[in-house]
Amino acid sequence: MKAIQKRKLENIREEFPILHQKINGEDLVYLDNAASTQKPKAVINAIKNYYENDHSNVHRGVHSLSVRATEAYESSREKVSEFVNSPDKDQIIFTKGTTDSINLIAGSLTNLIEKNDEILITAMEHHSNIVPWQELCKRTGAILKVIPINDNGEILIDKYRDMVSNKTKLVSVVHLSNTLGTINPIEEIIDTAKSYNAITVIDGAQAAGHLLVDVQKLDCDFYLFSGHKIFGPTGIGVLYGKEDILNQIDPYQFGGEMILKVTFDETTYNDLPHKFEAGTPNIAGAVGIGASIDFINSLDRDLCHQYEMSLHDDALGKLEQIECIRIIGKSSIKSAIISFVVDGIHPHDIGTIINQKGIAVRTGHHCTMPLMDFYGIPGTVRASFSIYNNHAEVDKLIDAINLAIKMLK
């Protein structure tokens, strides 16, 4: 792996073409990275090269283009496997994204979940880690329970330990909150769930691009993330699953590729990972996520996290000096995400005005409406930082927020 000095962060911005534009006559300040990261030239070029030179369907042909496309597709699976330290590349399933991965699990577990079994999630979950479990409970008669949090946006771990029991069949928890930036103690959560033989699902959508992930060390049953949040393309995601449980559950999508044999009387499913990849896959997306992992692997991950947190701490310190601002989510262990509200001003109004200064932030409930209800707010303004942001952009953000408050108060 290359050292960070060979890819200096102060120059990393030059590798992202989209950042070099003006919005409303102002230089773009992109602080919506928790929603989706931008793409470096290496990822864009990898996708372009695939379509210009290698495109064909995979696993289904002996001609040269099909062979090259298959090699590229499976090479990316190997890269993903190494990225999360999966024991075997066949335990990596390509999906459309984290949402699709959770739905795959929830849609395939019906034969393992029974009436009155309990499924545990937390109060800070994304809708994608709430609704699929609600639907599974409807189908099976299982009971959904919510692990509470405190005002800082931290899981009440003692309450969680009290909630887990022999009735607990599954625990599904976000690794890093997309709204609060909280990094959850998933190691302890997994260990506690394992002591009751509960299935563990970790939503790593926000975490995979910022934290080192080792699924063998975590010993979780499933770990999920999306390509577009790790500098890769949209429409491609990853589901890591333990081999034994992947073999126990049935696929929830059916068609080509996921079969070994079909007659009009019966069908035999394919081996892993193809059993869960029905139809023509997003080959270009897989190529793109492979390129994004190469890009990430060329960086010093610890130094990247330190740099992102320096931006976070700079912005947080300056926001806290503005009297009418309330920070939402104050965990002592968090990532470079800041959510806040301004007294008497709707988040959308703040976002609209600072957009006139070329600043892109996210406003609203961030697909965490129950979390907004917990804090008694309609939504937040969320600024989220990445390696291509800088301290000058933090100052622009603060100036724009002050201007918006002056205009709206």
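Refer to the structure presented above.
Residues numbered from 1 in each chain as written. Predicted model: local features only at pLDDT ≥ 70, side-chain atom pairs only at ≥ 80, totals over all residues. Heavy atoms only, no water.

I keep staring at the pairing of strand E4 (residues 92-95) and nothing clicks. Help me out?
Looking along a regular strand, one sees the side chains alternate between the two faces of the sheet. Burial of E4 is two-sided: the residues Ile92 and Phe94 facing one way and the residues Ile93 and Thr95 facing the other way are all buried. Sheet topology note: the E4/strand E10 (residues 237-241) ladder contains four bridges and is antiparallel. Its bridge partner lying in E10, Ile92 is registered against Tyr240. (Buried < 20%, exposed > 50% of the residue type's maximum accessible area, 1.4 Å probe, protein only. Helix = DSSP H or I, 4+ residues; strand = E, 2+ residues; numbered from the N terminus. Pairing = 2+ DSSP bridges.)

In this structure, what is going on with the pattern of salt bridges? I would like to understand it.
Pairs may arise between side chains of opposite charge once their charged atoms sit close together. Tallied over the full model, the rule gives 20 salt bridges. A salt bridge links Arg13 to Glu393, with the shortest nitrogen-to-oxygen separation between them at 2.9 Å. With Arg13 in the loop between helix H1 (9-12) and strand E1 (22-23) and Glu393 in helix H14 (residues 391-408), this residue pair connects regions lying 380 residues apart in the sequence. Among the ionic pairs, Asp219 bridges to Lys242, the shortest N-O distance being 2.8 Å. Separated by 23 residues along the polypeptide, Asp219 in the loop between helix H8 (215-218) and strand E9 (222-226) and Lys242 in the loop between E10 and helix H9 (243-248) bring together distant segments of the chain. Overall, Asp219 belongs to the partly exposed group, its relative accessible area being 25%. Here the salt bridges share partners, and the residues they tie into one network are Glu74, Arg77, Lys89, Asp90 and Glu277. (Salt bridge = Lys/Arg side-chain N within 4 Å of Asp/Glu carboxyl O.)

Explain the packing of aromatic side chains here, please?
Each pair of aromatic rings is reported with the distance of its centres and the angle of its planes. Evaluation of the coordinates by the stated rule reveals ten aromatic pairs. Here the aromatic residues Phe16, Phe231, Phe295 and Tyr388 are joined through ring pairs into a cluster of three or more. (Phe/Tyr/Trp six-rings, centres within 6.5 Å; stacked < 30°, edge-to-face > 60°.)

When you look at the environment of Ile377 in this model, what are you seeing that I'm missing?
Looking at where Ile377 falls in the secondary structure, it is placed in the loop between helix H13 (369-375) and strand E17 (380-384). Note on Ile377: relative accessible area 11%, which makes it buried. It is 26 Å that separates the C-alpha atoms of Ile377 and Thr98, two residues lying 279 residues apart in sequence. For Ile377, the residues in contact, after removing those within four places along its chain, are Arg326, Ile328, Val341 and Met372. (Contact = heavy atoms within 4.5 Å.)

Help me understand unusual backbone geometry, please; the structure alone is not making it clear to me.
Trans is the prevailing form of peptide bonds, just as negative phi is the prevailing case for residues other than glycine. Between Leu272 and Pro273 the backbone carries a cis peptide bond, its omega angle lying at 0 degrees. In this fold, Pro273 is placed in the loop between strand E12 (267-269) and helix H10 (283-297). For Glu257, which is not a glycine, the phi torsion comes out positive at approximately 75 degrees. Mapped onto the fold, Glu257 is located in the loop between H9 and strand E11 (259-262). By relative accessible area, which is 15% here, Glu257 ends up buried. Residues other than glycine seldom take positive phi values, yet His366 does so here, at roughly 60 degrees. Checked against the element boundaries, His366 lands in the loop between strand E16 (362-364) and H13.

What's the story with the side chain of Ser292 in this structure? I'm lost.
Structurally, Ser292 can be placed in helix H10. Separated by 3.5 Å, the side chain of Ser292 and the backbone oxygen of Ile230 make a polar contact. Ignoring anything within four residues of it in the chain, the contact list for Ser292 reads Val43, Ile230, Phe231 and Gly232. (Polar contact = N/O pair within 3.5 Å; in protein donor to acceptor, adjacent residues only side chain to side chain.)

Just checking my understanding: could you explain the sheet that holds strand E14 (residues 337-342) for this structure?
Sheet strands associate in pairs through backbone hydrogen bonding, adopting either a parallel or an antiparallel arrangement. Strand order across the open sheet formed by four strands is E13-E14-E17-E16, with antiparallel pairing between neighbours. Each edge of the sheet is formed by a strand with only one pairing partner; in this case those strands are strand E13 (325-328) and E16. Going across the sheet, the axis of each strand differs from the next one's by a mean of 30 degrees, ignoring polarity. The sheet contact formed by E16 and E17 spans three bridges and is antiparallel. Looking at E17, one finds that Gly364 is bridged to Thr380. Those strands touched by helix H12 (residues 347-355) are E14, E16 and E17, and its axis lies near 155 degrees from that of E16. (Axes fitted to C-alpha atoms, helices over the stretch in contact; angles between N-to-C directions.)

So what exactly am I meant to see when it comes to the sheet that holds E4 here?
Read across the sheet, seven strands follow the order E4-E10-E9-E8-E7-E5-E6 without closing on themselves; strand pairing throughout is mixed. Strands with a single pairing partner mark the edges of an open sheet, and in this sheet they are E4 and strand E6 (143-147). Taken over all neighbouring pairs, the strand axes of this sheet differ in orientation by 20 degrees on average, direction set aside. As paired strands, strand E7 (residues 168-174) and strand E8 (residues 199-203) are joined by five bridges and run parallel to one another. Within E8, the position partnered with Ser172 by the bridge is Val201. Sheet strands touched by helix H3 (residues 64-84): E4, E9 and E10. Its angle to E4, the strand with the most contacts, is close to 115 degrees. Lying on the sheet, helix H4 (residues 98-108) is in contact with E4, E8, E9 and E10; it crosses E9 at an angle near 150 degrees.

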